[in-house]
Amino acid sequence: SLPAKLINGGIAGLIGVTCVFPIDLAKTRLQNQQNGQRMYTSMSDCLIKTIRSEGYFGMYRGAAVNLTLVTPEKAIKLAANDFFRHHLSKDGKKLTLLREMLAGCGAGTCQVIVTTPMEMLKIQLQDAGRIAAQKKLMAAQTQLSSSAAGAAEPVVETRTTAMQITRELLRSKGIAGLYKGLGATLLRDVPFSIVYFPLFANLNKLGQKDPNVKAPFYVSFLSGCVAGSTAAVAVNPCDVIKTRLQSLQRGVNEDTYSGILDCTKKIWQKEGPMAFLKGAYCRALVIAPLFGIAQVVYFIGIAEFLLDMLPKHRA
């Protein structure tokens, strides 16, 4: 049932995000740093420096936004894929690869309604610590290079909340402010879903002894991990572009971008083609368990158990 699909998707998203959010924070910071202003050399270096400068909970900056909106996002994605698969099937026959890809395309298109504002807000909160650390480093270097400078004013990071950012964007740009980077989000999420859902469905079928019986949970988990990480790496260039476009604050001497083509051109010219793979390792580590957990919860059907506990369902 649709309520069961929505609950399953929500539960899966909450569990998955809680487990992998620090890696997602490292991915955002690695993707946003530009040549000449590098604060971090790797995922582990980023996490260690984040803990030292911002504390353990610094790794979870922006998690509240994700945890709030991941439920409708995952629910829409999973339910939409099922919806399109159902309507593209003919008399219950097996879907062709093309129809599976079309179903994934529909799911990816639907989810950006929630994904774009969610990631827009999350990126601002995740990257704020990197920008503050960069400013402190620049201030310290300036003070050391000039003995006559005296005691420099300490750089104090002004912490903002998701609600403050939302109110400011709505006041200055309207609802369109929350949908900055929508085109780049579509360029990432639609191909991701086109790759992910058919790949998962076919990998999962390999573990089914009987077409009418669900595959074991570990098969669904591994299928979700493999399909998720493969799709994540495949669309990582689009994710780098999306992250750069959605960042409202820039570090010292960092480029700004007017659109997808401008962003692509500047990254290619100034940072080289390998820059489009920034954070790919982190993204694979985020997506693999996230979708593995999602598919296990979704296919086990926790929601069916919860719904059966309600009085109206018992009746």
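Predicted model only: the values in this text are computed from it and were never measured. (Residues numbered from 1 in each chain as written. Predicted model: local features only at pLDDT ≥ 70, side-chain atom pairs only at ≥ 80, totals over all residues. Heavy atoms only, no water.)

Draft legend 1. Quick peek at the overall build of the protein chain. When you go through the protein chain residue by residue, the secondary structure sums to twelve helices and zero strands. Relative to its 315 residues, the protein chain shows a buried fraction of 48%. Within the protein chain, contacts between residues separated by at least 24 positions form 80% of all contacts whose residues are at least 6 apart in sequence. When the accessible surface of the protein chain is totalled, it reaches about 15600 Å², and 66% of it is carbon and sulfur. (Helix = DSSP H or I, 4+ residues; strand = E, 2+ residues; numbered from the N terminus. Buried < 20%, exposed > 50% of the residue type's maximum accessible area, 1.4 Å probe, protein only. Contact = heavy atoms within 4.5 Å. Areas by Shrake-Rupley, 256 points an atom, 1.4 Å probe, with all protein chains shown as cover.)

Draft legend 2. Structural context of the nonpolar core. Ranked by internal contacts, the top residues of the largest apolar core, which has 18 residues, are Val-17, Phe-192, Tyr-196, Phe-197, Ile-287, Leu-290 and Phe-291. Among the secondary structure elements, those contributing two or more residues to this core are helix H1 (2–32), helix H3 (63–88), helix H6 (182–206), helix H7 (217–234) and helix H10 (280–300). Ranked by size, the runner-up nonpolar core spans twelve residues in total, among them Val-20, Ile-23, Ala-26 and Leu-47. (Core = buried A, V, L, I, M, F, W, Y, C linked by side-chain atoms within 4.5 Å.)

Draft legend 3. Seen up close, H7. When the terminal C-alpha atoms of H7 are compared, their 26 Å separation across 18 residues agrees well with the 26 Å that a helix rising 1.5 Å per residue should span. Val-219, Ser-220, Ser-223, Gly-224, Cys-225, Ala-227, Gly-228, Ala-231 and Ala-232 are the residues of H7 that are buried. (Expected span 1.5 Å × (residues − 1).)

Draft legend 4. Region of the structure containing the packing of aromatic side chains. Applying the stated criterion across every chain, the model contains eight aromatic pairs. Relative to Phe-197, the ring of Tyr-196 lies with its centre 5.1 Å away and its plane at 75°, an arrangement referred to as edge-to-face. Taking the relative accessible area as the measure of exposure, Tyr-196 reaches 0% and is therefore buried. Seen in terms of ring centroids, Tyr-196 and Phe-200 are 6.1 Å apart; in terms of plane orientation they differ by 15°. Their pairing is stacked. (Phe/Tyr/Trp six-rings, centres within 6.5 Å; stacked < 30°, edge-to-face > 60°.)

Draft legend 5. Region of interest: the environment of Phe-197. Relative to the elements of secondary structure, Phe-197 occurs in helix H6. Under the relative-accessibility criterion, Phe-197 is labelled buried at 3%. Considering only alpha carbons, one finds Phe-197 and Gly-108, 89 residues apart in sequence, at a separation of 10.0 Å.

Draft legend 6. Structural view of the pattern of salt bridges. Within this structure, the stated rule accounts for 20 salt bridges. Of the charged contacts in the structure, one is a salt bridge between Arg-188 and Glu-119, with a shortest N-O distance of 3.1 Å. Here the residue Arg-188 occupies a position in helix H6, and Glu-119 occupies one in helix H4 (residues 97–145), the gap between them amounting to 69 residues. Using a relative accessible area of 4% as the deciding quantity, one classes Arg-188 as buried. Each of Asp-24, Lys-27, Glu-119, Lys-122, Arg-188, Asp-189, Asp-239, Lys-242 and Arg-283 takes part in one network of salt bridges that share partners. (Salt bridge = Lys/Arg side-chain N within 4 Å of Asp/Glu carboxyl O.)

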